[in-house]
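The chain contents come next:
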Amino acid sequence: MQLYSKQKISLYNSLSKSKELFIPINEGSIGMYVCGPTVYSNVHMGNCRTFLSFDLVFRYLKHLGYKVRYVRNITDAGHLENDDDTGDDKIAQKARLENIEPMEVAQRYTVDFHDTMSKFNALSPSIEPTATGHIIEQIEIVEKIISEGYGYEKNGSVYFDVKKFNEDHEYGKLSGRKLEDMITNTRELAAQSEKKNPQDFALWKKAEPKHIMKWSSPWSEGFPGWHLECTAMSTKYLGKEFDIHGGGMDLKFPHHECEIAQAEATNKKSPVHYWMHANMLTLNGKKMSKSTGNNILPSELFSGENDILSKAFPATVAKFFMFQAHYRSILDFSDGALVASEKGYHKMMDSYRSLSSIEAGKESSFDVAAWRQSCYNAMNDDFNSPILIAQLFEATKFINTLKEGKSNITKSDLVLLKTTMHGFIFDVLGLVDVASVGSSNDEKLSVTIELLIELRNQARASKDFSTSDRIRDELQEKGIQLKDGKDGTTFSLI
Ligand code: AMP
Ligand code: ZN
């Protein structure tokens, strides 16, 4: 099924600041890199929004039949507290605080991240490389940047010479910042630093004695600058030029700007054809953030244990809520909005489920093929999930009229309607049907207990009381109580 040749995607490129027709470098194959989490604490709902936005992109491209290599890294070293290359490594700081190894910190929060992503039914990336696993590649890039004349060493640290780079390249083209303006705004700070200019950024930093995460290099025992890992890993797995690079809007500057500079200085070409930036999830109108504490954790959402929540919400409902906004729009998280999304989600799922009991007729009163293309058009227009969901609600309206006997559908249209809804709800949006998951597990549980009750009755009938008592006692231990009455045995969960 080579659908991709028919569907034309236009996507908003943050570099050109316009929507462009998406043309992959190699027909049929796509390389996509997304900056992953810094694993020093649990991911919050804001982080999840960005990763789910790119899961949607990944799912849609795969749905169209593209072969996608999706690389999403794990930042387990090099990300310092402050964007100006000062402060402690975030992971090492946490390790010191908790008196554990930095790799224990990284492991704990990588596990949390994976667990959370699977609760949201996000697909795993094709490659998930770590910064610490690519120190050699990062050192090689620093060497290349120095040899090209864009990097300089000072006291065992190496910095990228932004001013020099800007002489024959354009530093700031992604974020729209001008180097001259940056220089004017930061003049006073210049004297205190090892940097030639405050805009220069670290490629390698010499470790201070207390710094625990360090590696040997030609310049010092130290560690790589944060921006370097993404250049190293994207080049290694996707090549010097690749199709899509994504991340949250807040990474545009300095992180992605520096990635472009590093790659251009090393490879003499612009690394990324389409830059995509997902917008922020806010709480009380302010960006959700780890450092300010203005955030909601996925575990709080699933349990309802946060003062702003009136109840617990399933992961899939939160995902539906997020996809009701376009990935480039700011979205404010609130209990009221989630409650409204939950209603909408159930309406859509109930309607999808009810399709199995619809009888086909001789003609259709709804143009299913045109509607189907509208669903594709929505996603082709810069992955516009809210418009897609609006289209799914159009189908829901029609299904309701079918149920009321007010309209008709042919057999082939019914199949098309069902497969299209299935494809977009489950494959593209990656939602799950909580009702069917819940009821099927409950059903399985009661069938199993009924079977045990029957075996216990047989044991009693043949006077095998040790077996019958064992069944009753062990079920009791597991929280399932059997009650013998005159109409037989019933059970309850305790
Ligand atoms: P970090 O672990 O801080 O490096 O962030 C991981 C990802 O989450 C990055 O792509 C950030 O841009 C993104 N992110 C951080 N805060 C938010 C937020 N409030 N809303 C959406 N994405 C966010
Ligand atoms: Zn990155």
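Fair warning: this is a prediction, and the values are worked out from it, not measured in the lab. (Residues numbered from 1 in each chain as written. Chains lettered and ligands numbered in written order. Predicted model: local features only at pLDDT ≥ 70, side-chain atom pairs only at ≥ 80, totals over all residues. Heavy atoms only, no water.)

Engineer: Just to check I follow, could you spell out the site of ligand 1 for this structure?
Structural biologist: The full set close to ligand 1 counts 16 residues, and Thr38, Thr50, Asp250, Leu281 and Met288 are the nearest of them. Contact between ligand 1 and threonine 38: an oxygen atom at 2.9 Å from a main-chain N or O atom of the residue. In this structure, an oxygen atom belonging to ligand 1 sits 3.1 Å away from a main-chain N or O atom of glycine 248. A per-element tally of the shell around ligand 1 places helix H1 (residues 45-63) first, with four residues. Of the residues assigned to the shell around ligand 1, the class counts are six nonpolar, seven polar and three charged. Split by domain, the residues of the shell around ligand 1 number at least three in each of domain 1 (23-278) and domain 2 (282-428). (Near = heavy atom within 4 Å. Polar contact = N/O pair within 3.5 Å; in protein donor to acceptor, adjacent residues only side chain to side chain. Helix = DSSP H or I, 4+ residues; strand = E, 2+ residues; numbered from the N terminus. Nonpolar A, V, L, I, M, F, W, Y, C, P; charged D, E, K, R; others polar. Domains from an automatic or database assignment.)

Engineer: Where do I start with the nonpolar core in this structure?
Structural biologist: It is characteristic of soluble globular proteins that their nonpolar side chains tend to be buried jointly. Core analysis: the biggest nonpolar cluster contains 90 residues, and Met45, Phe333, Phe383, Leu417 and Met421 have the highest contact counts within it. Looking at this core element by element, the count peaks at ten residues for H1. Both of domain 1 (23-278) and domain 2 (282-428) provide at least three residues apiece to this core. What phenylalanine 383 contacts, discounting residues up to four positions off in sequence, is Ile9, Leu11, Leu56, Val57, Tyr60, Leu61, Met276, His326, Tyr327 and Ala378. Counting residues in hydrophobic clusters, the runner-up holds 23 residues, among them Val162, Leu179, Phe201 and Trp219. (Core = buried A, V, L, I, M, F, W, Y, C linked by side-chain atoms within 4.5 Å. Buried < 20%, exposed > 50% of the residue type's maximum accessible area, 1.4 Å probe, protein only. Contact = heavy atoms within 4.5 Å.)

Engineer: Help me understand the domain arrangement of the protein in this model?
Structural biologist: Reports often express the size of an interface as the amount of accessible area lost when the parts come together. Each assigned domain of the protein is listed here: domain 1 (23-278), domain 2 (282-428) and domain 3 (439-493). Inter-centroid distance (C-alpha atoms) of domain 2 to domain 3 is 41 Å.

Engineer: Could you clarify how one ought to interpret the coordination of the zinc ion (ligand 2) in this entry?
Structural biologist: Six octahedral donors around a metal ideally sit at 90 or 180 degrees from one another, while four tetrahedral donors ideally sit at 109.5 degrees. In the first shell of the zinc ion (ligand 2), the protein supplies Cys35 (SG), Cys230 (SG) and His255 (NE2), at 2.0 to 2.2 Å from the metal. All donor residues of the zinc ion (ligand 2) come from one chain, and their arrangement in sequence is C-x194-C-x24-H. Of this pair, cysteine 230 sits in helix H7 (residues 226-238) while histidine 255 sits in helix H8 (residues 252-267), and the two are 25 residues apart along the sequence. (Donors = N, O, S within 2.8 Å, 3.2 Å for Na, K, Ca; no water.)

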